[in-house]
Amino acid sequence: AASSGVDLSRARRAVRFLKPVYLDEDLVIGVSSEVEDRLVLTMRKDDLELVRLTLSRSATMAPSLPGEGPGPARREARTPVASDVDAASGALSLSCGLEAIHAEFPTLVRLYGGRRVGGLALLSTVIGMEWPGLHSLFTELDVDLEAGQPELDRLKFSASDVEARHSLTRLAVRGPDFGARLSAFFRPPPVQQPTFTSIKEIVPPRVFESVSAFIAGGSRGLGEVAAKLIAAGGGLPIVTFHTRAHR
């Protein structure tokens with residue numbers, strides 16, 4: 001970063017999540033390109049690029065956001081409705097969980113301060129709990145550490161638009177320590193498969209008694225339904241799964 005002329009403490013950060021990143025995954029971080037005022041880092045797993053992080057010199061972002069004071073913390077994620085975009089704005093308190101932030105991210109707190117790190121962590125709360133809310137997919141953020149409004153005591157957000165065709169929404173965020181633009185996808189809720197009890201009511205009890213079936217991915221989707229059908233009909237489904245052992 002020093003050779004590229006980018007001051008990490010004041011840099012603008014643009015992050016694109018190209019593929020999902022899961023907890024406990026081993027990632028390889030490398031420099032993709034480096035020029036005078038821009039440094040591009042990538043995170044890869046098995047040669048597949050998952051995340052692209054661009055550090056560049058700070059630039060002025062969007063103007064101040066209007067809004068009221070922070071509301072009470074949301075207990076349940078908002079259910080996304082694209083037509084609600086005009087009302088998708090609000091504010092979050094920056095005082096929640098600062099002790100945990102200091103404990104979990106001591107190096108970041110030392111570099112940027114606890115309130116700023118806490119505000120950055122709240123961006124996932126904005127996406128996952130406020131807008132778009134439930135089942136959303138956080139895909140991109142552009143953070144400018146020089147675009148804060150010091151007079152603010154909260155993190156304000158406002159949805160700027162929705163591309164209904166692609167189920168994509170964009171938001172502007174402003175707090176005392178940074179400004180940001182976020183992008184996220186609306187996602188439909190997971191399909192709820194019929195219960196084993198309901199399937200038993202329509203499947204003859206011995207219709208599959210001579211069947212032994214190996215079902216890969218039998219904890220959800222078509223694999224789940226196939227396993228339930230065979231078991232309801234007296235057969236033996238042998239199920240594999242990656243997660244959701246409780247199912």
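An account of the accompanying structure is given in this report. What you are looking at is a predicted structure, and each value in this text was computed from that prediction instead of being measured.

1. A word on the sheet that holds strand S2 (residues 28-35)
Each strand in a sheet pairs with its neighbour through backbone hydrogen bonds, running either in the same direction (parallel) or in the opposite one (antiparallel).
Here is step 1 of the chain: Taken together, the 9 strands give an open sheet; going across it, the order is S2-S3-S4-S1-S6-S9-S8-S7-S5, and neighbouring strands pair in antiparallel fashion. Pairing within the sheet leaves two strands with one partner each, and these edge strands are S2 and strand S5 (89-93). Averaged over all neighbouring strand pairs, the angle between strand axes comes to 20°, with direction disregarded.
Here is step 2 of the chain: When strand S1 (residues 12-17) meets strand S6 (residues 137-144), the two strands line up antiparallel, connected through 5 bridges. Bridge pairing in S6 links Arg-12 to Asp-144.

2. Considerations on the nonpolar core
Here is step 1 of the chain: If you look at the biggest cluster of nonpolar residues, it comprises 33 residues, and the most contacted ones within it are Leu-123, Leu-155, Leu-171 and Leu-182.
Here is step 2 of the chain: Elements with a contribution of two residues or more to this core: strand S3 (38-45), strand S4 (48-56), helix H2 (106-112), helix H3 (114-130), S6, strand S7 (154-163), strand S8 (168-174) and strand S9 (179-185).
Here is step 3 of the chain: In terms of residue count, the dominant contributor to this core is H3 (5 residues).
Here is step 4 of the chain: What Leu-123 contacts, discounting residues up to four positions off in sequence, is Phe-138, Leu-141, Val-143, Leu-155, Val-173, Phe-178 and Leu-182.

Rules behind the numbers
Residues numbered from 1 in each chain as written. Predicted model: local features only at pLDDT ≥ 70, side-chain atom pairs only at ≥ 80, totals over all residues. Heavy atoms only, no water. Pairing = 2+ DSSP bridges. Helix = DSSP H or I, 4+ residues; strand = E, 2+ residues; numbered from the N terminus. Axes fitted to C-alpha atoms, helices over the stretch in contact; angles between N-to-C directions. Core = buried A, V, L, I, M, F, W, Y, C linked by side-chain atoms within 4.5 Å. Buried < 20%, exposed > 50% of the residue type's maximum accessible area, 1.4 Å probe, protein only. Contact = heavy atoms within 4.5 Å.

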